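# Architecture at a glance
Below, each chain spelled out in residue letters.
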Amino acid sequence: MNIQRRARSANRIVVGLGATMLINDSRRISISSGSRILGLLAGYFLVFWASSAGAQDLPAPKFELDIQPILTANGCNAGGCHGKSRGQNGFALSLLGFDDDFDYAAIVQESRGRRVFPADPDFSLLLQKAAGLVPHGGGVRLAVDGEAYQVVKAWIAAGMPRSSAADPVFERLQLVASQQSLAPGQTLAMQVLAEYSDGSTRDVTSTSFFQSSEPTVVSVNEHGIVRAGELPGDATIMARYRGQIATWATVIPRSEPIDPAKFAALPRHNFIDHLVWDKLARLNVLPSELVNDETYLRRVSLDLIGRLPTLEEAREFIDDTRPNKREVFVDRLLARPEYADFWANKWADLLRPNPYRVGIKATQSLDAWLRDVFRQNLPYDVWVRQLLTAQGSTWRNGAVVLFRDRREPEEVATLVSQLFLGTRLECAKCHQHPFEIYGQTDFYSLAAYFARVGYKGTGLSTPISGSEEMILVRENGRVAHPITREALDPRPLWKLPSELESSTPAETSQTPLNPFPHDPREDLADWMAAPDNDGFAEAAANRIWGELFGRGIVDPVDDIRATNPPSNPDLLQALGVEFRRVGYDQKALLKTIVLSAVYQLSSLPNSTNNQDHRNFSRHYRRLSRAEVIADALADVTGVEDHWPGMAKGARAMQMWTFRADSELLDVFGRPDPNQDPPCERLPEATMTQALHLMNTQTIQAKISNDSGLPARLTAQNLEPTALLETLYLTVYNRRPSETETARLLPLLVGENTTRRKTLEDLLWAMINTPEFIYEN
C-alpha cells in the first residue's frame, strides 16, 4: 500500500486519546478515546494515517521500502555526506543506500542505538539532526511538517521494522511523461513509478533522484519538473530509485520549421549522411556547407596520419580536376607509414606504462607491438584478442606488458571495460554504480577472467624495473566478492542475444585432452568478438568517430551508459554494423567516415546550427595533438628535431616514451610522464601555449636557421607572388586569398636581406595563428 501517497492527504497528525486531528488544514475531526486509534503498544507511540475521508489503518513503514528512499532523496547517503567512505562525524551509510544491512545497523544498532528513540520518535537523533533541531553540518534535510519526516517518525514509532519475506519486492522502475517532444520554454511533470513483485505500483516521484544529460537543453529539478531551454537539441532525463534507473528521452526542435526540400537536396555520400540529416531534420537544423579542397586536404591529412601535406602534395591535390580525387588521396594516406605511427601514438596514450615502473625495454616492446599492429592493419578484434590473452616475455611480446603494469585482476578489468566496452566500472568496484546497472558482483565477475594470470621473474623493482618477466596462465586463481568473500566465476557484463534465446550455457573452449590449463581470457575474447555483440563493435566505432570529430556519438567515448545516451543511436548502431561487415578493418571504416558529407562539413556555423555541439551539423574545431604540432613546426620551418633516445631524423610521433624532454610537448598537453599510468592528455587551449609559440627560443631558432624555409626561399630568388604562394601552401596548405596577397605582397619587394627577414616575420606570424595549430 502506498504510505507516502496516503500521508499526503493529511498535513498534520496528532497522536493521543481524545485528540483533535487536523486534516488538510480545512476541517477538524474530533476523535474519542475509542475511535480510529491505532493505540499505544509497549510504550511506543503508534501513528495514525488519515485521508480526506477520515483516518484508516495502514501498515507501518519498512526500512527498505520507505526509509532508504527518503535518505537517498535527501542526500543523507550521498558521497559528500554520510555516504562517503569514512562517513561523516562518526556516522557512515552506504553510498546511495546500496547496502541495506549496513545502513540499518548504522542507524538502529550502532552507538548503543542512540540514533532512534521509539518511546518518543521526535527525540530521535536521526530526526533531530535531519530537521535541524540540533546542530547538523548537513543543514535541514527534513521539514518537521513534511511528509518525509512523518514517514521516518512513524517507522521509528513502529519499532524500526524491516521488510520480510512476505513483503513485496521492488522489481522495476518506470519514468512516465505525457509527451515526447517539448517546445522551448515548456515544462512537464515527470512521474516515477515503482513496480513490485505482487503487481502493485507505487508513485515514488518524491523520493527519486533526477538528472539531465544536457541541462542547457532540458533541465530537471528535484521534484521531477522538466523545463526545455531555448537551445535546440535532445536530452535524456534519468530517475534513480533504490539502485535502479529509468530514462526518458526528449527532443527540443527549433521553433522555426525548415522546408523539407532543403534536406532532400543535401549531398548523401553514404549511410552516415542519411542518418545525420534525418536527425537534423527532426531538430529543424540545417548543416553547414561542405569545405573546399584546401580545407579537406589539411583536415584529412591531420586526422589520418597526423602530418601536414607537403608543398608538392598541396599543389597536386588542389590542381587535380578528377571528380574522385578525395577518395584517391584518402587511399594514399591510408597506405602511408605515418598512419601506423599516428594511430599507435593514440593507443599508446591509453596503454603505455611508466617506463620507470615496468622497465625501459618492456615499454619499448609494447610500443613496437602497437606500431606493428597498425602497420599490418590487423583487424581490431584480432589485436584486441592478442592483447587480452597475451603470454610470454615482456621483452619479446609487447602485448604482455599490459599485465606487467597492471598486476591485479581488478586493475585489468577496469582498463578493459573502459577501452574495449566503453564502460567505466571504477564505481562498481566499491559499490553499485550510481548511474548504471552494474554492481560489485558484475565488476569482480569480469575481473575473474584475469584471475589466473601468472608471473615468473623478478617482477617490479621501482624506481627502475629493468628485468625480464614471463606472463603465463596458472592452473588456478580466484577473485572473491569483497563483502561476501564468495569466489566468483568469470562472467561478462551483459548477455548476448544468442545467449538470451538459448536455454543452455555456451560451451567452453576447454577440452579434456588439452594438457595446458584453460585460459579464461580466451572466453572473454570470444564473447567480445561474437557476431551479435553489438556493444564491442559500437564502442570501437564510437572511439574512432571521436578521434575524427573531436567528440564521440557517445561522449566521453569510454562512458557508454543509459544515462549518457548516444546523440544519434541509429548512427552508432549503423557504424557498429559496418565495422563488423568490413571485418573490423579500421582503415575501411575510416575511409567510409572521411568520405561522408558529414565529415566534409565546414566548421563555420549557419543561423540554424550555431548552438549545436553534439549532432554533427558542422565540424568542430579542435587543438592538434602535441606531437602533431611539434612535427608540423619541423615541417614548415624545414629544420628537423633531435629527440633523445631516437635515431637522427625521427619525428615526435615516433617516440616510444613520454619522458623525452620537450617543453613544447608538455605545454601542448602530452600525458604527464610522472603519472602512473601517464594516459591523461590535456586537449584544452591555454595561455601558456600562446606565450610559448610567441616567445620560445627553440621556434625562433628554427625560423632563423640558415637551412630553414625563409633562408631557402630567399636563395631561390623567386618572384614575390611565388614566394607568398609557396609560404602559404607550406604552412596553411592553401593559396593566399586576394586580400592577403594585396596586403602582404608589398612587404616582399626589396633586396634579399630584407626579403629573408620579412619571410621570417611572416612565418612566425603564421605559426602563431589558430589556423596553424587547430584542426579545422
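The preceding data block contains the structure.
I will try to describe carefully the structure that is included in this document.

Pairing in this open sheet of 3 strands is antiparallel, and the strands run S11-S14-S15 from one edge to the other. Either end of the sheet is taken by a strand with one partner, and the two such strands are strand S11 (209-212) and strand S15 (244-252). This sheet shows a mean twist of 20° between the axes of neighbouring strands, independent of strand direction. In the sheet, strand S14 (residues 233-241) pairs with S15 via 9 bridges, with the strands oriented antiparallel. When the sheet's bridge partners are listed, Gly233 is paired in S15 with Ile252.

Glancing now at the sheet that holds strand S17 (residues 453-457). Across a sheet, paired strands are connected by hydrogen bonds in the backbone, their directions being either parallel or antiparallel. Read from one edge to the other, the open sheet built from 3 strands follows the order S16-S18-S17, with strand pairing classed as antiparallel. With partners counted over all chains shown, the strands left at the sheet margins are strand S16 (392-393) and S17, one partner each. Of the strand pairs in this sheet, S16 and strand S18 (residues 469-473) are connected by 2 bridges, and their pairing is antiparallel. Pairing of Gly392 across the sheet is with Ile471, part of S18.

We now examine helix H5 (residues 147-157). Each α-helix winds once per 3.6 residues, and so residues spaced three or four apart point in a common direction. Among the 11 residues that make up H5, 8 are buried, leaving the element largely enclosed by the rest of the structure. Directly after H5, the chain includes Gly159, whose backbone phi takes a positive value near 95°.

Moving on, we get to the packing of helix H11 (residues 338-351) against helix H16 (residues 409-420). Look at H11 against H16: their axes get within 11 Å of each other, and the N-to-C directions meet at 145°. Only Leu415, Leu419 and Phe420 of H16 make contact with H11, whose side of the interface consists of Trp347, Leu350 and Leu351. Taken together, the residues of the contact of H11 with H16 sort by class into 6 nonpolar, no polar and no charged.

Note on soluble globular proteins: their nonpolar side chains tend to be buried together. Residues Tyr380, Trp383, Phe420, Met528, Trp545 and Phe772 are the most contacted members of the largest nonpolar core, which totals 145 residues. Domain assignment of the residues forming this core places at least three in each of domain 1 (337-532) and domain 2 (622-776). Ignoring sequence-local partners within four residues, the contact set of Phe772 consists of Arg298, Leu308, Ala632, Leu633, Val636, Val731, Tyr732, Met766 and Ile767. Counting residues in each nonpolar core, the second largest holds 24 residues, with Phe170, Leu182, Ala194 and Trp248 among its members.

On to the environment of Glu578. Mapped onto the secondary structure, Glu578 falls in helix H21 (residues 569-581). On the basis of relative accessible area, Glu578 is assigned to the buried category, the value being 11%. As for Glu578 and Ala541, which are separated by 37 residues in sequence, their C-alpha atoms are 9.0 Å apart. Ignoring sequence-local partners within four residues, the contact set of Glu578 consists of Phe271, Leu589 and Thr592.

Further remarks concern the side chain of His619. Position of His619 relative to the elements: it lies in the loop between helix H22 (586-594) and strand S21 (622-623). A distance of 3.4 Å separates a polar atom in the side chain of His619 from a polar atom in the side chain of Arg299.

To continue, consider the environment of Leu723. Tracing the sequence through the fold places Leu723 in helix H28 (residues 720-731). For Leu723 and Arg755, which are 32 residues apart along the polypeptide, the C-alpha to C-alpha distance reads 9.8 Å. Not counting residues within four places of it along the chain, the set of residues in contact with Leu723 comprises Leu713, Leu718, Leu748, Arg755 and Leu759.

Residue Asp555 is joined to Pro556 through a cis peptide bond whose omega torsion reads 0°. For Pro556, the location among the structural elements is in the loop between helix H20 (534-549) and H21. A positive phi angle is found at Leu96, which is not glycine, with a value near 60°. Looking at the secondary structure, you find Leu96 in the loop between helix H2 (63-73) and helix H3 (100-109). At Asn717, a position not held by glycine, the phi torsion is positive, near 55°. Summarising the element assignment, Asn717 is placed in the loop between helix H27 (709-716) and H28.

Moving on to the side chain of Asp519. Structurally, Asp519 is set in the loop between helix H18 (497-501) and helix H19 (520-528). Among the polar contacts listed, one links the side chain of Asp519 to the side chain of Arg521, at a separation of 2.9 Å. Dropping the residues within four chain positions of it, Asp519 is found in contact with Thr389, Gln391 and Val473.

Reading guide: rules and limits
- Counting from 1, residues in each chain are numbered in the order their sequence is written.
- Selection of residues for local features in this predicted model requires a pLDDT of at least 70, selection of side-chain atom pairs for listing and counting requires 80 or more, and totals for whole chains, interfaces and linings are taken over all residues.
- The basis for every side-chain value is the complete set of non-hydrogen atoms in the structure, without hydrogens or water.
- A pair of strands is labelled paired if DSSP reports no fewer than 2 bridges between them.
- Secondary structure is summarised from DSSP: a helix means a run of H or I of at least four residues, a strand means a run of E of at least two, and numbering begins at the N terminus for each.
- Angles shown run from 0 to 180 degrees and are taken between the N-to-C directions of axes, each axis being a line fitted to C-alpha atoms and, for helices, limited to the stretch in contact.
- Here the term buried applies to any residue with accessible area under 20% of the maximum for its type, exposed to any over 50%, and partly exposed to those in between, with areas from a 1.4 Å probe on protein chains only.
- Pairs of residues are marked as contacts when any of their non-hydrogen atoms sit within 4.5 Å.
- As a working rule, the residues Ala, Val, Leu, Ile, Met, Phe, Trp, Tyr, Cys and Pro are called nonpolar, Asp, Glu, Lys and Arg charged, and the rest polar, with Gly in that last group.
- What is meant by a nonpolar core is a set of buried Ala, Val, Leu, Ile, Met, Phe, Trp, Tyr and Cys residues, joined one to another through side-chain atoms within 4.5 Å.
- Where each domain starts and ends follows an automatic or database-derived domain assignment.
- Here a polar contact is recorded for every N or O atom pair within 3.5 Å, except that within protein the pair must consist of a potential hydrogen donor and a potential acceptor, and residues adjacent in sequence are included only if both atoms are side-chain atoms.

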